[in-house]
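# Analysis of the macromolecular model
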Amino acid sequence: MKRLAEGNDKQVESILKSSSDTQQNSYGHRNYTANFAVLSAAYCCRLSKYFQNATLIQPLEAILDDLLKAQNPDGTMDAGNLQSPPDTAFMMENLIKGSHIIHQNKSKELNNVKEKAKLFITKAANTIAEGGIHTPNHRWAVCSVLANVNSLYPDQKYVDRVNDWLGENVFIDNDGEYAERSKNYARVNNSALIEIGRLLDKPELFELVRKNLNLTYYQMEPNGELITNNSRRQDQFSVQSIIGSYLFYRYLAIRDNNGEFAAISKTIEALDGFDEAILDRSLPSFMDEPLLQKLLPSPVL
């Protein structure tokens, strides 16, 4: 955790030096909400040099003020696609992660942050619970956000909507490939299914993730790059790395006492780019899901 905190502190330093304009982007403030999670983790992590540092309160509130100002009357954000529930859901992922973290902290300095976050999140979630989607992976991204919102602000309508989408079933073939055959969107699916499974007690969803992760490792080159030429999506022509799936392997290795996934996790840790992609950017994830903080089981491969 110390190394994760140090990496997160580097992100904080960069955020504090930048203006709100440079932190936002055309994809619905996704960078901005990622910054919210980084700042929340730093404020709440005892190993951070910013632990309970009051200088973080103003930028946390500023992010929420800007999000509330940009939020459409129906609760959505113009996030690439206009007034799109799934694009709004993608933007909310890190905002909710940061909110989970600050809700475990009793500091009165965070009261306004918590109130503003709740206002934005619940307004957006109400629309996401009623709106549609554009692509196969959007179903599960939406469900993941609703499961997370329900864990913060319980409401049966969020759970009912998740169950509606799950009633359509998750498409995955015998090899472990999701409908879009995309490594990029497989990560979206795997992240979402793990979140739904752990938050709504649906462990059967983990088996789908295991199946895809087995295929992912099979399709890995020695340098960690993944085969993408069978993708139906834009990542067919891009470089994708197994590093992006590290947290999924680690989570299931620990949860299942899975020595094979532990060995794959160790393989990923040795790849070039691991420190920058994971150690510098994953403190919020480790604080949001403490199971990730446990030691890996003995590797077997």
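Predicted model only: the values in this text are computed from it and were never measured. (Residues numbered from 1 in each chain as written. Predicted model: local features only at pLDDT ≥ 70, side-chain atom pairs only at ≥ 80, totals over all residues. Heavy atoms only, no water.)

## Notes on the overall build of the chain
Tallying secondary structure elements over the chain gives 14 helices and zero strands in all. In sequence order, the secondary structure elements of the chain are arranged as α-α-α-α-α-α-α-α-α-α-α-α-α-α. Expected size for 301 residues packed as a compact globule is a radius of gyration near 19 Å; at 19 Å, the chain falls within 12% of this value. Each of the three principal axes of the chain carries a C-alpha extent, and together these read 50 × 40 × 35 Å. Within the chain, the fraction of its 301 residues that count as buried is 56%. (Helix = DSSP H or I, 4+ residues; strand = E, 2+ residues; numbered from the N terminus. Rg over C-alpha atoms; globule rule 2.2 N^0.38 Å. Buried < 20%, exposed > 50% of the residue type's maximum accessible area, 1.4 Å probe, protein only.)

## Quick look at the side chain of E180
Tracing the backbone through its elements, the reader meets E180 in the loop between α8 (156-166) and α9 (183-199). Judged by relative accessible area, which is 6%, E180 ranks as buried. A distance of 2.4 Å separates polar atoms of two side chains, one belonging to E180 and the other to R233. If we ignore the near neighbours within four places in the chain, the residues touching E180 are T135, P136, N137, Y185, S231, R232 and R233. (Polar contact = N/O pair within 3.5 Å; in protein donor to acceptor, adjacent residues only side chain to side chain. Contact = heavy atoms within 4.5 Å.)

## Re the environment of N72
For N72, the location among the structural elements is in the loop between α4 (57-70) and α5 (85-103). In this structure, the C-alpha to C-alpha distance between N72 and P297, residues 225 residues apart in sequence, is 46 Å.

## Focus on the nonpolar core
Soluble globular proteins tend to bury their nonpolar side chains together. Within the largest apolar cluster, 91 residues are counted, with the highest numbers of intra-cluster contacts made by L67, M92, F120, I121, V149 and I268. If we ignore the near neighbours within four places in the chain, the residues touching M92 are F120, I121, A124, A125, I128, V145 and V149. (Core = buried A, V, L, I, M, F, W, Y, C linked by side-chain atoms within 4.5 Å.)

## As for helix α10 (residues 204-218)
Helix length check: α10 (15 residues) gives 23 Å between terminal C-alpha atoms against 21 Å at 1.5 Å per residue, within 8%. Three or more residues of α10 are buried, namely L205, F206, L208, V209, R210, N212, L213, L215 and T216. For α10, the elements touching its buried residues are α8, α9, α11 (246-256) and α12 (259-269). (Expected span 1.5 Å × (residues − 1).)

## Observations concerning the state of the cysteines
Counted under the stated rule, the structure contains zero disulfides. C44 provides the cysteine sulfur closest to C45, a residue in no disulfide bond, and the two sulfurs are 8.9 Å apart. Since its relative accessible area comes to 5%, C45 is described here as buried. (Disulfide = S-S within 2.5 Å.)

## Some words on the pattern of salt bridges
Taken as a whole and judged by the stated rule, the model has 15 salt bridges. Between D280 and K10 there is a salt bridge whose closest N-O contact spans 3.2 Å. Here D280, found in the loop between α13 (274-279) and α14 (283-288), pairs with K10, found in helix α1 (residues 2-17); they are 270 residues apart in sequence, far enough to count as distant. Of the residues examined, D280 reaches a relative accessible area of 9% and is grouped as buried. You can call K10 partly exposed: its relative accessible area is 44%. The salt bridge partner of R198 is E195, with a shortest N-O separation of 2.9 Å. Within this pair, R198 and its partner E195 are both found in helix α9, separated by three residues, close to a single helical turn. Judged by relative accessible area, which is 22%, R198 ranks as partly exposed. Each of E195, R198, D288 and E289 takes part in salt bridges that share partners, so that together they form one network. (Salt bridge = Lys/Arg side-chain N within 4 Å of Asp/Glu carboxyl O.)

Honestly, that's just the spatial picture; any functional story needs more than this.
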